[in-house]
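Observations on the three-dimensional arrangement
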Amino acid sequence: MCKNMPPLELAIQFHGHICPGLLIGVRAAELAQKQLEVGQDSDEELVAIVENDNCSVDAIQSILGCTFGKGNLVFKDYGKNVYTIISRDSGRALRIAQKFGSTAGPASERFRELGGKPILTDEEAGEKETLIGEIFEKIMSMPAEDLFAWQEVVVELPQRASIRKTVRCDSCGEGVMETRASSRDGQILCPECQLK
Amino acid sequence: MCEANVYINRVSGEELLMEKVDRIVPGEDQSIFMENIFGERKVVKARIREMELVHHRVVLEEIREESHPVHEELWLEPSTDHGHFHEGEQVTLKLFKGYNMKPGPDTAFAGLKAFVVSSEGTRELNIHDHHGSYELVLGGENDGLLQVWAEESEGSSRRLASVLVEVGHHHHHGLKPAGLELEIFPTDYSHARMGESYEIKVLQHGQPLVGVEVRATFAGTQQKDYPHRMVTNEEGKARLFLTSRGNYLFSVSEGDLISTFTLVKSF
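Note that this is a predicted model, so its numbers are computed, not measured.

**Topic: the state of the cysteines**
Residue and element names in this part refer to chain A. One pass over the structure, following the stated rule, counts 0 disulfides over all chains. Note on Cys169: no disulfide assigned, nearest cysteine sulfur contributed by Cys172 at a separation of 3.7 Å. Cysteine Cys193 shares no disulfide, and the gap to the nearest cysteine sulfur, in Cys190, comes to 3.6 Å. Using a relative accessible area of 5% as the deciding quantity, one classes Cys193 as buried.

**Details of helix 1 (residues 7-15) of chain A**
Residues and elements named next belong to chain A. Taken as a whole, helix 1 has its buried residues at Leu8, Glu9, Ala11, Ile12 and His15. The buried residues of helix 1 occupy an angular sector of 160° when the element is viewed end-on, so they sit on one face. Summarising the contacts, the buried residues of helix 1 are in contact with helix 2 (20-36), helix 3 (56-64) and helix 5 (122-141). Backbone geometry just downstream of helix 1 places Gly16 in the positive-phi region, at approximately 105°.

**What about the pattern of salt bridges?**
Residues and elements named next belong to chain A. According to the stated counting rule, one finds 22 salt bridges over all chains in the structure shown. The salt bridge involving Glu37 is made with Arg92; its shortest N-O contact spans 3.9 Å. With Glu37 in the loop between helix 2 and strand 1 (46-50) and Arg92 in the loop between strand 3 (82-87) and strand 4 (93-98), this residue pair connects regions lying 55 residues apart in the sequence. We classify Glu37 as exposed; its relative accessible area is 69%. Taking relative accessible area as the criterion, Arg92 reaches 24% and is therefore assigned partly exposed. Salt-bridge contacts for Glu127 lead to Arg110; the nearest nitrogen and oxygen are separated by 2.7 Å.

**Some points on the sheet that holds strand 4 of chain A**
Residue and element names in this part refer to chain A. Here we have 5 strands laid out as an open sheet, ordered 2-1-3-4-5, and mixed in their pairing. At either margin of the open sheet sits one strand with a lone partner, and together these are strand 2 (73-75) and strand 5 (148-152). Across the sheet, the axes of successive neighbouring strands diverge by a mean angle of 15°, strand direction being ignored. Sheet strands in contact with helix 2 are strand 3, strand 4 and strand 5, and its direction is about 150° off that of strand 4.

**Remarks on the interface of chain A and chain B**
When the parts of a complex come together, some accessible area is lost, and that lost area is often used as the size of the interface. In this assembly, 24 residues from chain A lie in contact with 25 residues from chain B. Across the chain A to chain B interface the summed buried area is about 2200 Å²; carbon plus sulfur atoms make up 62%. If you look at where chain A meets chain B, you find 2 salt bridges. Note that Lys224 of chain B and Glu123 of chain A form a salt bridge whose closest N and O atoms lie 3.3 Å from each other.

**Notes on the sheet that holds strand 3 (residues 31-36) of chain B**
All names here are of chain B. Read once around its circumference, the closed barrel built from 5 strands follows the order 1-2-3-4-5, with strand pairing classed as mixed. In this sheet, adjacent strand axes meet at a mean angle of 60° when their direction is disregarded. With 6 bridges joining them, strand 1 (residues 4-10) and strand 2 (residues 13-26) adopt antiparallel strand pairing. Pairing of Ile8 across the sheet is with Glu15, part of strand 2.

**Observations concerning the packing of helix 2 of chain A against helix 3 of chain A**
All names here are of chain A. As a packed pair, helix 2 and helix 3 sit with axes 7 Å apart at the nearest point and diverge in direction by 40°. On the basis of their axis angle, the class for helix 2 and helix 3 is oblique. Once helix 2 is placed against helix 3, the crossing between them reads as right-handed. Here Gly21, Leu22, Gly25, Val26, Ala28, Ala29, Ala32 and Gln33 of helix 2 come into contact with helix 3, specifically with Ser56, Asp58, Ala59, Ile60, Ile63 and Leu64. Tallied by class, residues from the contact of helix 2 with helix 3 come to 9 nonpolar, 4 polar and 1 charged.

**Re the pairing of strand 16 (residues 197-204) of chain B**
All names here are of chain B. As judged from the 5 bridges shared by strand 15 (residues 182-186) and strand 16, these two strands associate in the antiparallel manner. By the bridge assignment for strand 16, Glu183 is matched with Leu203. When strand 16 meets strand 20 (residues 237-241), the two strands line up antiparallel, connected through 5 bridges. The residue of strand 20 that forms the bridge with Glu199 is Arg239. As judged from the 2 bridges shared by strand 16 and strand 17 (residues 207-208), these two strands associate in the antiparallel manner.

**A look at the packing of aromatic side chains**
Residues and elements named next belong to chain B. Taken as a whole and assessed by the stated rule, the structure comprises 7 aromatic pairs over all chains. With a centroid separation of 5.3 Å and 20° between ring planes, the pair formed by Trp75 and Phe96 is classed as stacked. Of this pair, Trp75 sits in strand 6 (residues 73-78) while Phe96 sits in strand 7 (residues 90-99), placing them 21 residues apart in sequence. Overall, Phe96 belongs to the partly exposed group, its relative accessible area being 22%. Across from the ring centre of Tyr7, 4.7 Å away, lies the NZ or CZ of Arg57, which sits over that ring. Over the aromatic face of Phe109 sits the side chain of Lys97, whose NZ or CZ is 5.0 Å from the ring centroid.

Rules and cut-offs
- Residues numbered from 1 in each chain as written.
- Chains lettered and ligands numbered in written order.
- Predicted model: local features only at pLDDT ≥ 70, side-chain atom pairs only at ≥ 80, totals over all residues.
- Heavy atoms only, no water.
- Disulfide = S-S within 2.5 Å.
- Buried < 20%, exposed > 50% of the residue type's maximum accessible area, 1.4 Å probe, protein only.
- Helix = DSSP H or I, 4+ residues; strand = E, 2+ residues; numbered from the N terminus.
- Arc of directions from axis to C-beta.
- Contact = heavy atoms within 4.5 Å.
- Salt bridge = Lys/Arg side-chain N within 4 Å of Asp/Glu carboxyl O.
- Pairing = 2+ DSSP bridges.
- Axes fitted to C-alpha atoms, helices over the stretch in contact; angles between N-to-C directions.
- Buried area = accessible area lost by both parts, 1.4 Å probe.
- Parallel < 35°, antiparallel > 145°, perpendicular 65-115°, else oblique.
- Left-handed = near helix turned anticlockwise from the far one by under 90°.
- Nonpolar A, V, L, I, M, F, W, Y, C, P; charged D, E, K, R; others polar.
- Phe/Tyr/Trp six-rings, centres within 6.5 Å; stacked < 30°, edge-to-face > 60°.
- Lys NZ or Arg CZ within 6 Å of the ring centre and 35° of its normal.

Below, the structure written as C-alpha cells:
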C-alpha cells in the first residue's frame, strides 16, 4: 500500500471486521497518542496494560504497537474496558477507563441480540449493517470526555521483554523456554509433560 | 438418504447451493434453512421443487424479490484495488448499470458517451464492450486528478455517472465541477476516510440544487435499497458519515435525469 493507512483501517485490517468493541479500542488508542504525545511503538517504548481481552485490545495492538508478541502488552483479566498506556521515554502513564453506559442504547442492544443469533435472514443482515453504521458514527463522533474518564497515574514500569534460552524437554523432545522448564527425577520437562 | 446436495434454480440456471446437507427446515416467511454435515448453515428465499432421494439431490426454486420501483442508474468504478493509479499506469474504469451499486440484468446502453477532463482539457473517451461488460480506457495519464463522466439517453430517460480519479498521490487542490446538467461534486476532495464525514454538493447547470434528496450507498451493502438518504441544504450541500470500507455511490434524480457520483476511497 503506497498511502499511509489511517489508524482505524490498521485496526480493522488486524481485527478482520468492524464492531463496537474495536471502535472503543480505536478511540482509546488515539486518546493515548494525543495525551501522551506518542505515535506507534517500535521496540517497547510503549507499554499497554489492558484489563480485558475483548475486541478493543486488537485496536490497542495495531494502532499503538503494544503487542502480545513483543511483550509490551500486559493483560489483567479484570473484565473492564480500562487501558493504561505507559511511555518509557517520558515516564508518563495514562489510565483510560470507558464510562459506564457511555455507548448503551437501543441500537447497541439490538446489535448484541442479532450478534447472538447463529444465522441471520437477509432482513436481519441488513438491519445489522444499519445498526453497526449507527453505532460506528456514535462512537467515533462522541466527545472523548463522554466516552472515557482518564488521568495520569504512577505505575511501576514493567521489565522489558527478555529473550530466554531454549532447552530440550527430555520427555517430548520439543524445545521449551528455560524459565518454563522444570526438573523432575533428573529430567528436564516442559509444562505439558510435567502434567502427564 | 443420509445427506443430499441442494441445488437452486435461478433465472441464470441451476446451481449447487450447498453440499452434504443433513437438515432442511422450511420457515414461515418463504425461507428455507439448511445445515450440512460440516456445520455450515444457509437461509434462502425459496420453495422446494423436487426431492430425488435416490440421487441424494434436493432442488429448490428461487423466490425472486420484488424489484424496486426505481429507475436504473449508471455508475463508474476505477479498475484499481487501492483507490488510485500511478503516473503512466493504464487508467481504466468500469461502467455499470443497476441500482444501489448492484448491477442489474440490463447490460445494453443507448446513446452512450464518456468524457474526461484533465489538465490538458476535455476529451471524449472510447467505450469498450467486453461481452456486456463496459470499460473506459484512458491510457497512461499524468499525475493529477481526472474528472470522468459517462452519459446515456434512452427514450426520455437520461443517466449521468461521474467520478474523480486520482493519478499519483495527495491531490487536494483546485477542482471545479465539470458543469454537467445535474452533478454531484465533493466540497473537499482531500477528506474521504471511513470514520469521518464527507460532504457533497448537488449542482444543476452549475447552480446549487436546494432541498433535493440525495441517496448514498456503498460497495457490498446488504440492503436492498439505498441505506442512506439525505436532503441538500440551502447551499445544495449534504453530508454523510462514512462507516464502510471501499467505494461509496451518491445518486440524485431530477425529472427524467439521474446522476451519480462515485466516491473512490483508498481504504
